[in-house]
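# Architecture and fold: a report
Residues per chain are reported as follows:
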Amino acid sequence: MAININKDAVYRAAKPQNKDYKISDGGGLSLLVKTDGTKRWLFYYRFNGKQNTFGLGIYPNTTLENARRQSEEARKQVADGINPAEIRSAVKKAKQISKLNEERIEEGLPILGSFADVTRKWLDSISHLTSATTHKKKTSRIERLAFPLLGDKSIKEIKSADVLAVLKPMIDKQQLETAHRLHAEISSIFAYAIVHNFTEYDPAQPVAKQIPAQKVKHRAAIIDPKQVAQLLRDISNYQGTFVVQSAFRLSPLLFQRPGEIRQMLWSDVDLVSREWRPYISKTDFHHIVPLSTQAIAILEAIQPFTGGGQYVFPSSRGDGRPMSDNTIRTALKSLGYDSDVMTAHGFRTTASTLLNEHGWSPDAIERQLAHAPRDQVRAAYNRAQYLDERRRMMQAWADYLDSLKAGAQVIPISRTVQ
């Protein structure tokens with residue numbers, strides 16, 4: 001195959017004609033002379049039985065020597081079974097991505113194809129499946145714990161050892177719940193990446209066995225009626241601020257999750273209907289909590305102090321946030337109840353245990369504890385289910401706690417009000 005047929009003077013002297021024409025330099029390299037006088041280097045080759053062409057540049061900006069060098073590289077690629085057009089396309093795409101990534105970095109955006117980039121796409125894809133609060137927690141956890149090591153890495157280059165390196169500090173500190181949650185989220189990100197052709201495998205999968213099984217941790221709670229009676233008397237004598245006193249006294253009456261009580265909104269409380277209707281993010285549904293006479297009295301007493309704000313129990317700092325999640329825990333500890341004896345969450349166990357022991361409907365108790373299914377249709381149905389019985393139960397429970405606190409003989413929680 002003849003190559004380098006002509007001298008540069010031949011191409012320099014070529015003049016435009018009535019139609020485009022080519023001057024061959026051999027080996028697939030030709031100069032295309034256009035009718036407007038433009039001269040373009042072209043390389044012609046066959047690959048897998050098909051004719052292919054791509055440009056090498058405009059003459060004389062791209063010199064004869066440069067064009068011959070490019071065509072020689074292309075011929076070697078074809079001989080090695082590589083399509084030079086695909087190589088050129090990949091290089092061009094890489095340059096475009098590099099330029100785009102420089103712009104993204106300047107704008108504070110993640111690099112395309114990086115773990116952070118794919119994570120953002122995955123988070124967007126599941127945003128409608130979780131509550132805003134849950135989605136925010138998930139996003140924060142990944143950003144804080146996974147991004148420092150994985151964020152800028154190409155998702156195709158991440159290995160199992162990289163994933164383990166993210167989880168190892170949590171494993172060493174026995175923060176196993178966080179480790180399991182984060183591992184599941186990383187694996188979900190890779191599942192999304194596989195489906196959307198960002199990568200071909202999930203390096204998080206082999207890491208699962210490296211995370212020790214989490215031991216079930218039961219929150220301490222007092223369930224003996226005599227001890228409950230003493231606890232109630234101690235709560236009654238608690239000398240904290242009026243806001244904390246009120247939240248403390250309300251906790252055993254309502255036995256909802258501590259986070260829900262401390263974040264109670266006045267907009268969710270209806271003193272006339274004697275109901276509190278919070279949104280339960282953990283089970284993703286709107287709950288109905290019937291308010292006993294005793295609960296109403298506590299809320300009516302605090303309303304003049306906090307009713308003008310958003311939260312029933314605002315932070316003492318006056319920063320527009322609710323009471324701290326450590327407040328009730330600290331109050332219990334100040335009364336001599338360490339976390340291995342009684343916890344803020346333990347009021348739920350206390351109520352559940354005693355109400356079940358005294359014959360109240362397990363289904364009504366479960367509904368009152370807001371143990372509702374995630375299915376939206378069932379959740380809407382269960383929200384009001386057993387409501388009449390729950391109203392009676394909540395008043396009977398409040399009366400029972402009063403009798404215990406007053407030192408009355410321990411008797412069953414009466415169901416005769418039904």
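Residues numbered from 1 in each chain as written. Predicted model: local features only at pLDDT ≥ 70, side-chain atom pairs only at ≥ 80, totals over all residues. Heavy atoms only, no water.

### Concerning the overall build of the protein chain
In terms of regular secondary structure, the protein chain is built from 17 helices and nine strands. Summarising its shape, the C-alpha atoms of the protein chain cover approximately 115 × 45 × 40 Å along the three principal directions. For the protein chain, the proportion of its 418 residues judged to be buried stands at 41%. Of all intrachain contacts in the protein chain linking residues separated by at least 6 positions in sequence, the fraction that spans at least 24 positions is 59%. As presented, the protein chain carries roughly 23,400 Å² of accessible surface, and 51% of it is formed by carbon and sulfur atoms. (Helix = DSSP H or I, 4+ residues; strand = E, 2+ residues; numbered from the N terminus. Buried < 20%, exposed > 50% of the residue type's maximum accessible area, 1.4 Å probe, protein only. Contact = heavy atoms within 4.5 Å. Areas by Shrake-Rupley, 256 points an atom, 1.4 Å probe, with all protein chains shown as cover.)

### Topic: the side chain of serine 114
The topology assignment puts serine 114 in the loop between α3 (84-106) and α4 (115-126). Within the structure, the side chain of serine 114 is placed 3.5 Å from the backbone oxygen of glycine 151, a separation counted as a polar contact. Those residues in contact with serine 114 that sit more than four places away from it in its chain are Gly151, Asp152, Lys153, Ser154 and Ile155. (Polar contact = N/O pair within 3.5 Å; in protein donor to acceptor, adjacent residues only side chain to side chain.)

### Comments concerning the nonpolar core
Within the largest apolar cluster, 51 residues are counted, with the highest numbers of intra-cluster contacts made by Leu250, Leu254, Met264 and Phe313. Those elements giving two or more residues to this core turn out to be α9 (225-236), α10 (242-254), α12 (293-306), α13 (327-334), α14 (346-357) and α17 (387-405). Ranked by residues supplied to this core, first place goes to α17 with eight residues. Discounting residues that sit within four places of it in the chain, phenylalanine 313 has contacts with Val243, Ser246, Ala247, Leu250, Ile261, Arg262, Met264, Ile302, Pro322 and Met323. With 27 residues, the next largest nonpolar core counts Val118, Ala146, Ile189 and Val207 among its residues. (Core = buried A, V, L, I, M, F, W, Y, C linked by side-chain atoms within 4.5 Å.)

### Focus on the UniProt feature "domain: Core-binding (CB)" (unreviewed entry) in the protein chain
On the UniProt side, "domain: Core-binding (CB)" (unreviewed entry) is annotated at positions that read residues 113-194 here. Helix makes up 76% of residues 113-194 and strand 0%, with an end-to-end C-alpha separation of 12 Å. (UniProt positions renumbered as here; feature names shortened; annotations may be inferred.)

### A look at the packing of helix α7 (residues 160-172) against helix α8 (residues 176-195)
Their axes nearest at 8 Å, the elements α7 and α8 cross at an angle of 160 degrees. The angle between α7 and α8 places the two elements in the roughly antiparallel class. As for how α7 packs across α8, the hand of that crossing is right-handed. Two secondary-structure elements touch here, α7 through Val163, Val166, Leu167, Met170 and Ile171 and α8 through Leu176, Thr178, Ala179, Leu182, His183 and Ile186. (Axes fitted to C-alpha atoms, helices over the stretch in contact; angles between N-to-C directions. Parallel < 35°, antiparallel > 145°, perpendicular 65-115°, else oblique. Left-handed = near helix turned anticlockwise from the far one by under 90°.)

### Digging into the packing of aromatic side chains
If you walk through the whole model with that rule in mind, you get 11 aromatic pairs. Where phenylalanine 43 meets tyrosine 45, the ring centres are 5.6 Å apart and the plane angle is 25 degrees; that geometry is what we call stacked. Tyrosine 45 sits in the buried class, given a relative accessible area of 6%. Each ring, one from phenylalanine 255 and one from tryptophan 397, has its centre 6.1 Å from the other, and the planes form 90 degrees; the classification is edge-to-face. Taken as a pair, phenylalanine 255 in the loop between α10 and α11 (258-262) and tryptophan 397 in helix α17 lie far apart in primary sequence, 142 residues in all. (Phe/Tyr/Trp six-rings, centres within 6.5 Å; stacked < 30°, edge-to-face > 60°.)

### Notes on the sheet that holds strand β6 (residues 275-276)
With antiparallel pairing, the three strands of this open sheet are ordered in space as β5-β6-β9. Because the sheet does not close on itself, it has two edges, and the strands there are β5 (269-270) and β9 (289-290). Two strands pair when backbone bridges link them, and β5 and β6 are joined in this way by two bridges, in the antiparallel orientation. Of the residues in β6, the one forming a bridge with aspartate 270 is glutamate 275. (Pairing = 2+ DSSP bridges.)

### What to know about the side chain of arginine 141
In this fold, arginine 141 is placed in helix α5 (residues 132-145). Within the local environment of arginine 141, its side chain forms a polar contact with the side chain of glutamate 185, the two groups lying 2.6 Å apart. Apart from residues no more than four positions distant in its own chain, arginine 141 is found in contact with Ala146, Thr178, Arg181, Leu182 and Glu185.

### Some thoughts on the sheet that holds strand β2 (residues 29-33)
Strand pairing in a sheet relies on backbone hydrogen bonds. The paired strands run either parallel or antiparallel. The strand order across the open sheet formed by four strands is β1-β2-β3-β4, and the pairing between neighbours is antiparallel. The two strands at the open ends of the sheet, each matched to only one other strand, are β1 (21-26) and β4 (50-59). Between one strand axis and the next, the sheet turns through 30 degrees on average, direction left out of account. Taken strand by strand, helix α2 (residues 64-79) contacts β1, β2, β3 (39-47) and β4, and its axis lies near 10 degrees from that of β3.

### Observations regarding the packing of α5 against α8
Running from N to C, α5 and α8 cross one another at 95 degrees; their axes reach a closest spacing of 11 Å. Considered as vectors, α5 and α8 are oriented roughly perpendicular to each other. Residue-level inspection shows Lys138, Arg141, Ile142 and Leu145 of α5 in contact with α8, the latter providing Thr178, Arg181, Leu182, Glu185 and Ile189.

### Focus on the environment of leucine 401
Looking at the secondary structure, you find leucine 401 in helix α17. As a C-alpha pair, leucine 401 and alanine 229 span 172 residues in sequence and 7.4 Å in three-dimensional space. Leaving out residues up to four positions away in the same chain, leucine 401 has contacts with Val228, Leu232, Pro252 and Leu253.

### Overview of α14
Taking 1.5 Å per residue as the helical rise, α14 with its 12 residues ought to reach 16 Å, and the 16 Å between its terminal C-alpha atoms agrees with that figure. Every buried residue of α14 is listed here: Gly346, Phe347, Arg348, Thr350, Ala351, Ser352, Leu354 and Leu355. Buried residues belonging to α14 abut α9, α10, α13, α15 (362-368) and α17. Glycine 359 lies just past α14 and shows a positive phi near 90 degrees. (Expected span 1.5 Å × (residues − 1).)

### A closer look at the pattern of salt bridges
By the definition in use, this model includes 14 salt bridges. With a closest N to O distance of 2.9 Å, arginine 277 and glutamate 275 form a salt bridge. Relative accessible area serves as the criterion here: at 38%, arginine 277 is assigned to the partly exposed category. Put simply, Lys138, Arg141 and Glu185 are held in one network by salt bridges that share partners. (Salt bridge = Lys/Arg side-chain N within 4 Å of Asp/Glu carboxyl O.)

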